[in-house]
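Residue-level listing of the chains:
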Amino acid sequence: MIKFLDLKKINLLHQEAIEQRLISTFRSGWYLLGEEVKQFEGHLSAYIGAGHSIGVANGLDALRLICRAYIELGIFSEGDEIIVPANTYIASVLAITDCNLVPVFVEPDNATFNIDIAKIEAAITPKTTAIMIVHLYGRAVFSKELKALAQKHDLKIIEDNAQAIGAEINSIKTGNLGDAAGFSFYPGKNLGALGDGGAVTTNDSDLAKAIRALANYGSETKYVNIYKGLNSRLDEIQAAVLDEKLKHLDAENSRRREIAKYYVQNISNPLITLPEYPNDEKEHVWHLFVIRIAERDRLQKYLIKNSIQTLIHYPIPLYKQEAYKEFAHLDFPVTEAIHHEVLSLPISPVLMDEEVKTIVEVLNDFK
Ligand SMILES: *Cc1c(COP(=O)(O)O)cnc(C)c1O
């Protein structure tokens, strides 16, 4: 069986170094808000090029904390509207609604799966305060037009960078394109912890300070609480592992690009629509390699019969979920077609050339 993602193999690539970091953190006797987190935050800031990084408990919290901090700073008010792509993972939208902000959905672009920048302006109202862009599947989205639009309407740009760590546009890394960015270190992400983890990056010192306090019970000084905060901290153990794995992220993303390029150049079945391989390949870190096909479910069954595991990202649009019944009347044809047709092929730094070749051959034989 070719697994969709072999997490054990991915982490064993760096077994010795990771085990050393685990042991030394274990023996240090200090497990929260210590030197490992500080060191990882420093390295993450340097890698992204951002002024501040704050380690938090997970990617959802990273995005929630950005929204909460903007409310505490008086920049957002409850009831304000945040523009967000209709085809994103539900976490982007949970962060918005959890802060009593209102998501306003915009259709994605068929070629990139990312928010269609040309459709944003029509969704802006006097209540809009931000655009949340999501670098979906690992492909960065940003443009001069987007930046100009945000400036014209005085909107913050929040990046959901859970899937695209390491991607860049015109030499600027995702996580440093907008005003603030949320990262996820869920084990299956391109930079994955051995459990949950997340981070916020920003160049805004006031925002960074508010987020750091909010994530630690709303407190800057122990037992002095300035906000009704939450407990959302990155563990020392996870920070140590992430700090070690960050060293190898670029090499691992390059291997993902190599596999994506092979897929794009060799999958030739006319029933299959391939994702676009960007002209500037640094814009994509291929967290997922997502193909489209009308008979998606039949292809998935055929692949399983041929010992190839795939996943669907995502089977149900978030506004059709039970959790968001208030949005059930909404209709986004581009988004819905995507949800019916997408299939994610195996892609990871540990997928072997032989496996990639087999996957291509099996796909090309599908009738
Ligand atoms: C994974 C993910 C998140 C949430 O991250 P967690 O660490 O699982 O909370 C948010 N947005 C997107 C697009 C994601 O893929």
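Right above here is the structure, for reference.
Residues numbered from 1 in each chain as written. Predicted model: local features only at pLDDT ≥ 70, side-chain atom pairs only at ≥ 80, totals over all residues. Heavy atoms only, no water.

### A few points about the site of the ligand
Reasoning step 1: Surrounding the ligand, one finds Asn 58, Gly 59, Leu 60, Tyr 89, Ala 91, Val 134, Asp 160, Ala 162, Gln 163, Ser 184 and Lys 189.
Reasoning step 2: A distance of 2.8 Å separates an oxygen atom of the ligand from a polar side-chain atom of Gln 163.
Reasoning step 3: The protein chains hide 90% of the 380 Å² of surface that the ligand would expose on its own. (Near = heavy atom within 4 Å. Polar contact = N/O pair within 3.5 Å; in protein donor to acceptor, adjacent residues only side chain to side chain. Areas by Shrake-Rupley, 256 points an atom, 1.4 Å probe, with all protein chains shown as cover.)

### Considering the layout of surface pockets
Reasoning step 1: Estimated volume of the largest pocket: approximately 620 Å³.
Reasoning step 2: Around the largest pocket, the lining is made up of 30 residues, and of these Tyr 89, Gln 163, Tyr 186, Lys 189 and Tyr 314 lie nearest the centre.
Reasoning step 3: Considered class by class, the residues forming the lining of the largest pocket number 15 nonpolar, eleven polar and four charged.
Reasoning step 4: Lining the second largest pocket are 20 residues; nearest its centre among them are Leu 33, Arg 212, Asn 216, Ser 219 and Arg 233.
Reasoning step 5: For the lining of the second largest pocket, the secondary structure elements donating two or more residues are α3 (35–48), β1 (52–56) and β10 (219–221). (1 Å grid on protein atoms, 1.4 Å probe; cavity = no way out; pocket = protein on both sides within 12 Å on 5 of 7 lines; lining within 4 Å. Points joined across faces, edges and corners; volume = space filled by probe spheres on them. Nonpolar A, V, L, I, M, F, W, Y, C, P; charged D, E, K, R; others polar. Helix = DSSP H or I, 4+ residues; strand = E, 2+ residues; numbered from the N terminus.)

### Section: the side chain of Glu 36
Reasoning step 1: Its location among the elements puts Glu 36 in helix α3.
Reasoning step 2: Judged by its relative accessible area of 14%, Glu 36 falls in the buried class.
Reasoning step 3: When sequence neighbours within four positions are dropped, the list of residues in contact with Glu 36 reads Arg 21, Ser 24, Thr 25, Glu 236, Ala 239 and Ala 240. (Buried < 20%, exposed > 50% of the residue type's maximum accessible area, 1.4 Å probe, protein only. Contact = heavy atoms within 4.5 Å.)

### Some points on helix α11 (residues 333–341)
Reasoning step 1: Buried residues of α11: Val 334, Thr 335, Ile 338 and His 339, and no others. In an axial view of α11, the angular spread of the buried residues amounts to 135°, which keeps them on one side of the axis. Turned more than 90 degrees away from the buried face of α11, the exposed residues are Pro 333 and His 340.
Reasoning step 2: If you follow the buried residues of α11, they end up packed against β12 (289–292), α10 (296–305) and β13 (342–345). (Arc of directions from axis to C-beta.)

### Re the packing of α3 against helix α8 (residues 236–246)
Reasoning step 1: At a minimum axis distance of 8 Å, the contact between α3 and α8 shows a crossing angle of 35°. Handedness of the crossing formed by α3 with α8: left-handed. Packed against α3, whose contacting residues are Glu 35, Glu 36, Val 37, Gln 39, Phe 40, His 43, Leu 44 and Tyr 47, the element α8 presents Glu 236, Ala 239, Ala 240, Leu 242, Asp 243 and Leu 246 at the interface.
Reasoning step 2: Looking at side-chain class alone, the contact of α3 with α8 contains eight nonpolar, two polar and four charged residues. (Axes fitted to C-alpha atoms, helices over the stretch in contact; angles between N-to-C directions. Left-handed = near helix turned anticlockwise from the far one by under 90°.)

### Focus on α8
Reasoning step 1: Across the eleven residues of α8, ten count as buried, placing the element largely inside the fold.
Reasoning step 2: Within α8, burial applies to Glu 236, Gln 238, Ala 239, Ala 240, Val 241, Leu 242, Asp 243, Glu 244, Lys 245 and Leu 246.
Reasoning step 3: Of the surrounding elements, those touching the buried residues of α8 are α1 (7–12), α2 (15–28), α3 and α9 (249–266).

### Some thoughts on empty space enclosed by the protein
Reasoning step 1: This structure, assessed with the given rule, holds two cavities of 30 Å³ or more.
Reasoning step 2: Of the volumes computed, that of the largest cavity is approximately 60 Å³.
Reasoning step 3: Looking at the largest cavity, the residues that line it are Ala 111, Thr 112, Phe 113, Leu 136, Tyr 137, Arg 139, Pro 275, Glu 276, His 284, Trp 286, Leu 288 and Val 290.
Reasoning step 4: Here the residues of the lining of the largest cavity sort into eight nonpolar, two polar and two charged.
Reasoning step 5: By volume, the second largest cavity amounts to about 50 Å³.
Reasoning step 6: Taken together, Leu 7, Ile 10, Pro 187, Gly 188, Lys 189, Asn 190, Gly 192, Lys 245, Glu 252, Arg 256 and Pro 349 make up the lining of the second largest cavity.

### Concerning the packing of aromatic side chains
Reasoning step 1: Counting across every chain of the model gives 14 aromatic pairs.
Reasoning step 2: Considering the side-chain rings of Tyr 70 and Phe 76, the 4.7 Å spacing of their centres and the 35° angle between planes classify their relative orientation as tilted.
Reasoning step 3: Among the residues examined, Phe 76 registers a relative accessible area of 2% and is labelled buried.
Reasoning step 4: Pairing Tyr 263 with Phe 289 gives two aromatic rings, centres 4.7 Å apart and planes at 50°, and the pair type is tilted. Taken together, the residues Tyr 263 in helix α9 and Phe 289 in strand β12 connect sequence positions 26 residues apart. Of the two residues examined, Tyr 263 and Phe 289, each falls in the buried class.
Reasoning step 5: In this structure an aromatic cluster arises from ring pairing among Phe 105, Tyr 319, Tyr 324, Phe 327 and Phe 332.
Reasoning step 6: Looking at Lys 173, its charged tip hangs above the ring of Tyr 47, at a distance of 4.4 Å from the centre. (Phe/Tyr/Trp six-rings, centres within 6.5 Å; stacked < 30°, edge-to-face > 60°. Lys NZ or Arg CZ within 6 Å of the ring centre and 35° of its normal.)

Read these as layout, nothing more, since geometry by itself doesn't imply function.
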